[in-house]
Amino acid sequence: MNYTPEGLNLEQLQQQGLFRKERIVESKDGTIINIGGKKLINFCSNDYLGLSSHPDVVRAMQDATIEFGAGSTASPLVCGKTALHLSLEQKLAKVTGRERALILSCGYMANMAIVSSLARNKSQWIFQDKLCHASMVDGSMSSRATLKRYAHADPSALEKLLSQINEEERALVFTESVFSMDGDIAPLSNLSSVCQQYGACLVVDDAHGFGVIGKNGLGGTDYFSLGQNEVPLLMATFGKALGVYGAFIAGPEILIEAFVQRARPYIYSTALPAPIIAAVSAAVDVMQREPEHRTKLASLINYFQSGANSLGIKISNTNTPIQPVILADASRAVRLEHILEENGLLVRAIRPPTVPRNSSRLRITLSASHTTQQIDMLLDVLSLAMPALDISA
Ligand SMILES: Cc1ncc(COP(=O)(O)O)c(C=O)c1O
């Protein structure tokens, strides 16, 4: 075989600190992860509430496996959708206060489904925050609509773009609620007002907000008290705070029906297996019944931030579990990742193209399963390593 991937230069990627290396996990126990033969404290998972190993969630998955088997065996429109799927969709519609919800195989596919079903021709526009996740960008690239990106978390920049399109043209606007790599919260109320003023449909990707922020932990729309009129489409994933896998889209009946009729990632892909659905359903129940996980997470976020501030460690001040340490240079981020690992801590360096050039970072994530002692260890190592690498406080 002499077919080589065009433009791929592995040596150059290595030199630039941009080479991506897969790491194999041998076992996991709460926040302790056995990876590459080392036992490390995991500070890079999205298991914000620690539900991936909650006994009710694990048991629900085991029980449903015995009842339904391991796989769903077909697309949801053929024979892959069970009564468990329907009841989870109904539960999600109810808790989010939306007319209807639909389960998709994952968040990446859910964003592809939204764009490909709703923005299908050249006279449509897609506006996205500059820091929106790759799945929204990729969805737009598969559509005939024109994509424009607005300055990060800036409703006036969005308004400027919306004011330039003709009245009869349709626009879909995408934002994340909690930005995945920065941890800041989008100004959803203001974005929603601008969208309503121009008749645009706002889509909120709540992957990192659902389960974490808001009075009831129901994410960005809960945090800003925004209903279906203000945020017509809400997408959230099951693989982060809920600790399992998959995603849903919730919104008005007519839009959700459009996904059933048109969304290729829904129609042409095998349904999520029933054991996964049962585990997600149990995780939603735990999230509502046991707010203590969220309360503990909030207190650990405060603990980390005040510790970092008192040690002079420069972090982005977010009140979410995503606490990035921004280091412009990719190689430096990788060096800091290695030092942390040598000291028993797993934090991954995030580099371009995942984040913009010159903004490589360590993406530290906190979980309700962490202890204050584990956070002390992280702070100690950061406070010694950062000056040694000439990364100032
Ligand atoms: C903001 C955002 N949207 C969508 C996704 C994709 O979700 P999934 O992992 O379920 O495909 C992610 C995952 O990293 C994400 O961070």
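Residues numbered from 1 in each chain as written. Predicted model: local features only at pLDDT ≥ 70, side-chain atom pairs only at ≥ 80, totals over all residues. Heavy atoms only, no water.

Chemist: Would you mind showing me how to read helix α2 (residues 55–68) here?
Modeler: An α-helical segment advances 3.6 residues per turn. Residues three or four places apart therefore align on the same side. Between its first and last C-alpha, α2 extends 20 Å over 14 residues, near the 20 Å set by a 1.5 Å rise per residue. All of the buried residues in α2 are V57, A60 and A64. Angular distribution of buried residues about the axis of α2 spans 60°; they occupy a single face of the element. For α2, the secondary structure elements touched by its buried residues are α4 (83–96) and α12 (274–289). One or two steps after α2, the chain reaches G69, where phi turns positive at roughly 85°. (Helix = DSSP H or I, 4+ residues; strand = E, 2+ residues; numbered from the N terminus. Expected span 1.5 Å × (residues − 1). Buried < 20%, exposed > 50% of the residue type's maximum accessible area, 1.4 Å probe, protein only. Arc of directions from axis to C-beta. Contact = heavy atoms within 4.5 Å.)

Chemist: Please explain the packing of aromatic side chains as it appears in this structure.
Modeler: Aromatic ring pairs: the centre-centre distance and the angle between the two ring planes describe each pair. Per the counting criterion, the structure on display carries four aromatic pairs. On the numbers, 5.4 Å between centres and 70° between planes, the contact of F210 with F248 is edge-to-face. Here F210 is found in the loop between β8 (201–205) and α9 (220–223), whereas its partner F248 is found in strand β10 (residues 247–251), with 38 residues between them in sequence. Across this residue pair, the class does not change: F210 and F248 are buried. Look at Y223 and F224: their rings are 4.9 Å apart centre to centre, the planes differ by 70°, and that puts the pair in the edge-to-face class. By relative accessible area, Y223 is classed as partly exposed at 39%. For F224, a relative accessible area of 24% gives the class partly exposed. Put simply, the rings of F210, F238 and F248 touch in pairs and so form one group of aromatic residues. (Phe/Tyr/Trp six-rings, centres within 6.5 Å; stacked < 30°, edge-to-face > 60°.)

Chemist: How do you make sense of the pairing of strand β4 (residues 100–104) when you look at a structure like this?
Modeler: Where a strand is regular, its side chains alternate between the two sheet faces. Burial analysis of β4 places four of its five residues in the buried class, which makes it a mostly covered element. In this structure, β4 lies alongside β10, joined through five bridges in antiparallel fashion. By the bridge assignment for β10, A101 is matched with A250. (Pairing = 2+ DSSP bridges.)

Chemist: Explain empty space enclosed by the protein to me, please; I cannot follow it from the model alone.
Modeler: Summary: where empty space remains is shown by rolling a probe the size of a single water molecule over the atoms. Under the definition given, this model contains one cavity of 30 Å³ or more. For the largest cavity, the lining is made up of 13 residues, of which P76, I103, Y266, A271 and L272 are closest to its centre. Broken down by secondary-structure element, the contributors of at least two residues to the lining of the largest cavity are α4, β4 and α11 (264–267). (1 Å grid on protein atoms, 1.4 Å probe; cavity = no way out; pocket = protein on both sides within 12 Å on 5 of 7 lines; lining within 4 Å. Points joined across faces, edges and corners; volume = space filled by probe spheres on them.)

Chemist: Looking at this structure, I do not really get the environment of L10. What am I missing?
Modeler: Position of L10 among the secondary structure elements: in helix α1 (residues 10–15). With a relative accessible area of 45%, L10 lands in the partly exposed category.

Chemist: Honestly, the site of the ligand in this entry has me stumped. Any pointers?
Modeler: Inspection of the region around the ligand gives 13 residues, with G107, Y108, D205, H208 and K240 positioned closest. Within the backbone of G107, a nitrogen or oxygen atom sits 2.7 Å from an oxygen atom of the ligand. One of the backbone nitrogen or oxygen atoms of Y108 is found 2.9 Å away from an oxygen atom of the ligand. Its free accessible area being 390 Å², the ligand has 81% of it covered by the protein chains. In a pocket analysis with a 2 Å cut-off to the grid points, the ligand is assigned to the second largest pocket. Considering each element in turn, the shell around the ligand owes the most residues, three residues, to helix α5 (residues 107–118). Tallied by class, residues from the shell around the ligand come to three nonpolar, seven polar and three charged. (Near = heavy atom within 4 Å. Polar contact = N/O pair within 3.5 Å; in protein donor to acceptor, adjacent residues only side chain to side chain. Areas by Shrake-Rupley, 256 points an atom, 1.4 Å probe, with all protein chains shown as cover. Sits in = over half its atoms within 2 Å of the grid points. Nonpolar A, V, L, I, M, F, W, Y, C, P; charged D, E, K, R; others polar.)

Chemist: Can you walk me through the pairing of strand β5 (residues 124–129) in this structure?
Modeler: In terms of residue burial, β5 counts as a mostly covered element, since six of its six residues are buried. Burial along β5 is two-sided: the residues Q124, I126 and Q128 and W125, F127 and D129 are all buried. One ladder, built from five bridges, connects β5 with strand β7 (residues 170–176); its direction is parallel. Considered in β7, the bridge of W125 is made with A171. As paired elements, β5 and strand β6 (residues 146–150) share five bridges and run parallel to each other. Opposite I126, over in β6, you have L147 as the bridge partner. Between β5 and its parallel partner β6, the chain crosses via helix α6 (residues 134–141), and the hand of that crossover is right-handed. (Right-handed = clockwise from strand over helix to strand, strands pointing away.)

Chemist: How should I be thinking about the sheet that holds strand β2 (residues 32–35) in this particular structure?
Modeler: Strand order in this open sheet of four strands is β1-β2-β3-β12, and the pairing throughout is mixed. Each edge of the sheet is formed by a strand with only one pairing partner; in this case those strands are β1 (25–29) and β12 (345–346). Where β1 lies against β2, four bridges are found, and the strand directions are antiparallel. Within the sheet, the bridge partner assigned to V25 lies in β2 and is I35.

Chemist: Help me understand the sheet that holds β4, please; the structure alone is not making it clear to me.
Modeler: On the basis of which strands lie adjacent, the open sheet formed by seven strands has the order β4-β10-β9-β8-β7-β5-β6 and mixed pairing. With partners counted over all chains shown, the strands left at the sheet margins are β4 and β6, one partner each. Within the sheet, the average angular offset between the axes of one strand and its neighbour, ignoring direction, is 20°. Relative to β8, β7 is paired through five bridges, and the arrangement is parallel. Within β8, the position partnered with F174 by the bridge is V203. Along the sheet, α5 contacts β4, β5, β7, β8, β9 (233–237) and β10; its crossing angle with β9, the most-contacted strand, is approximately 160°. (Axes fitted to C-alpha atoms, helices over the stretch in contact; angles between N-to-C directions.)

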